[in-house]
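Close look at the chain arrangement
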Amino acid sequence: MSLTSDPPATRPVGKEPATPPLPPAPADPVVVPVRHPWRWVAVVVTAVLLVQFAHGLVTNPGWEWGVFAAFFTTETVLRAVWVTLQLTFYGTALGFAIGIVLAFMRLSASPFLRSVAFGYIWAFRSIPLIVQLLFWFNLAYLYKELSIGVPFGPSFLSFDTMGLVGEMSAAVLGLALHQAAYAAEIVRGGVLAVDGGQSEAAASLGIPRLRQVRRIVLPQAMRSILPNAANEIISLFKGTSIVSVMAIGELFYQVQVVYGRNGRVVPLLMVATAWYVLLTTALSVVQHYVERHYAKGSVR
C-alpha cells in the first residue's frame, strides 16, 4: 500500500495573503509636572519682604532722601570719590605688578626664591591690613632717612622719610604690598591651570621662555585669573575705607566728617553706599567684557 501526502494548497496567482491588522498604537503618556508648593510659598514670602523693604525706603522719613540728594554730588564727596579711585588704581597696579613677580618666584626652580616668595605671602596675609597701614604711616619713627648707595657701605643719595612717605604714599604702599600677597596666589593658580604640555610644545618649537609666558601661558591663564582678580579689585575698592584711620580724605572718611558736623548719619552713610554700589557695578561690567575677550575660542 502506497503512502501519499495531501497535495499542496494552491492560491490564485496575483493575490497576496491577507496580513493581520496591526494593534492600535498606545496613547502618548501624559506628563504631569512635579508640584512644588513650598517653592511658591518661598516666592510669595520673599516678594512680600522685598515690597515691605521698598515701602520702608520710600515712606520712612528717617532715610531723609532730601539730604541724600543734596550731598550726593557735592564737591567734597566728589573729591573723596576721586581719592578712593586713585587709591584703588595705584594699589591694584602696584599690587598685581609685585604679585606677578612673586608668583613666578614661587614657580621658580630655585628653592631660595620659592622660600622668599612664600615667606612674603605668609607674612602679609597674616598681618591685618590696618596694622600694615599704621606701620607704613609711622615709618619715619624707625628710619629717619632712606639712602641709596653701596649695601653696607657709603650712600650717594639720602631722603627724609617724613617728606618721602606721606599719608597718601603710606596708604598706597600698604594697600599695594597687602594686595600683592593675594595677587601672587591668584596668578600662580592661573598659571598652574594651564596644561604643561603647552610649554613643552612651545619649547620643542624653539620659542624663548619669556615669549612662551607672554604669548602662550598668560593668555590662557587669564581665564582662571580674571574672576578672582576682579573680586580682589572690588574688595580693595571697598577696603580703601580702612585708610580713614590715617585721616586721608577718601569717601568714607569725608562722609564721617560731614555727618559729624550736621548729625545726618543715615543719609550720609547712604551717600557713601550709593557711590560704592555704582562704582562696584561699573567694575563688574568691565570685568564681564574683559572675561568675554579672553574667553574667545573656549566657549562655542
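In this text, all values refer to a predicted model and were calculated from it rather than measured experimentally. (Residues numbered from 1 in each chain as written. Predicted model: local features only at pLDDT ≥ 70, side-chain atom pairs only at ≥ 80, totals over all residues. Heavy atoms only, no water.)

1. Observations regarding the overall build of the protein
A count of helical and extended segments in the protein gives 12 helices and two strands. In the protein, which comprises 300 residues, the share counted as buried stands at 28%. Taking the intrachain contacts of the protein between residues at least 6 apart in sequence as the baseline, contacts between residues at least 24 apart amount to 71%. Entry remark: accessible area of the protein is about 20,400 Å², with carbon and sulfur atoms responsible for 67%. (Helix = DSSP H or I, 4+ residues; strand = E, 2+ residues; numbered from the N terminus. Buried < 20%, exposed > 50% of the residue type's maximum accessible area, 1.4 Å probe, protein only. Contact = heavy atoms within 4.5 Å. Areas by Shrake-Rupley, 256 points an atom, 1.4 Å probe, with all protein chains shown as cover.)

2. Re helix H11 (residues 251-262)
Along its 12 residues, H11 runs 17 Å from first to last C-alpha, staying within 8% of the 16 Å computed at 1.5 Å per residue. Of the residues making up H11, those classed as buried are Leu251, Val255, Val258 and Tyr259. Buried residues of H11 fall within an arc of 90° about the axis and therefore sit on the same side. The exposed set on the far side of H11, more than 90 degrees from its buried face, consists of Gly260 and Arg261. Summarising the contacts, the buried residues of H11 are in contact with helix H2 (65-72), helix H3 (75-106) and helix H12 (265-294). Just beyond H11, the residue with positive phi is Gly263, at close to 75°. (Expected span 1.5 Å × (residues − 1). Arc of directions from axis to C-beta.)

3. Remarks on a nonpolar patch on the surface
Side chains of Ile127, Ile130, Val131, Leu134 and Val245 sit close together on the surface and give an oily, nonpolar patch of about 360 Å² of accessible area. Counting through the fold element by element, Ile130 comes out in helix H5 (residues 129-137). Classification of Ile130 as partly exposed rests on a relative accessible area of 33%. (Patch = residues over 30% accessible without salt bridge, like charges linked within 9 Å, V, L, I, M, F, W, Y side chains within 5 Å. Salt bridge = Lys/Arg side-chain N within 4 Å of Asp/Glu carboxyl O.)

4. Regarding the pattern of salt bridges
Under the counting rule described, the total for this entry stands at four salt bridges. Across the pair Glu185 and Arg106 runs a salt bridge whose closest N-O atoms are separated by 3.1 Å. With a gap of 79 residues between them, Glu185 in helix H8 (residues 167-192) and Arg106 in helix H3 connect regions that are remote in the sequence. Its relative accessible area of 23% is what places Arg106 among the partly exposed residues. Two residues, Arg188 and Glu185, come together in a salt bridge whose shortest N-O distance is 3.0 Å. Here Glu185 and Arg188 lie together in helix H8, a separation of three residues that amounts to about one turn.

5. A short note on the nonpolar core
Membership of the largest hydrophobic core comes to 25 residues, with the highest contact counts inside it found for Leu87, Leu102, Tyr120, Leu175 and Val243. The dominant element in this core, judged by the number of residues it contributes, is H8, at eight residues. Residues contacting Tyr120, with those up to four places away along its chain left out, are Ile98, Leu102, Leu177, Ala180 and Ala181. Counting residues in hydrophobic clusters, the runner-up holds 18 residues, among them Val81, Ala274, Trp275 and Leu279. (Core = buried A, V, L, I, M, F, W, Y, C linked by side-chain atoms within 4.5 Å.)

6. Describing the environment of Val271
Locating Val271 in the fold gives a position in helix H12. For Val271, the residues in contact, after removing those within four places along its chain, are Phe68, Phe71, Phe72 and Val77.

7. Details of the confidence of the model for the protein
Within the protein, residue pLDDT values average 83, and 90% of them lie at 70 or more. Across the protein, the element-wise mean pLDDT spans from 71 in helix H7 (residues 161-164) up to 93 in helix H4 (residues 111-126). (pLDDT = per-residue confidence, 0-100.)

8. Quick word on the packing of H3 against H12
Contact geometry for H3 and H12: axes closest at 12 Å, N-to-C directions at 45°. Taken together, the axes of H3 and H12 lie oblique to each other. Along this stretch, H3 crosses H12, giving a crossing that reads as right-handed. Residues Val77, Leu78, Val81 and Leu85 of H3 pack against Val271, Trp275 and Leu279 of H12. Classifying every residue of the contact of H3 with H12 gives seven nonpolar, no polar and no charged. (Axes fitted to C-alpha atoms, helices over the stretch in contact; angles between N-to-C directions. Parallel < 35°, antiparallel > 145°, perpendicular 65-115°, else oblique. Left-handed = near helix turned anticlockwise from the far one by under 90°. Nonpolar A, V, L, I, M, F, W, Y, C, P; charged D, E, K, R; others polar.)

9. Points about unusual backbone geometry
The backbone of Glu64 shows a phi angle near 50°, a positive value even though the residue is not glycine. For Glu64, the position within the fold is in the loop between helix H1 (37-59) and H2. Residue classification places Glu64 among the partly exposed positions, given a relative accessible area of 27%. Although it is not a glycine, Ala247 sits at a positive phi angle of roughly 60°. For Ala247, the location among the structural elements is in the loop between helix H10 (209-239) and H11.

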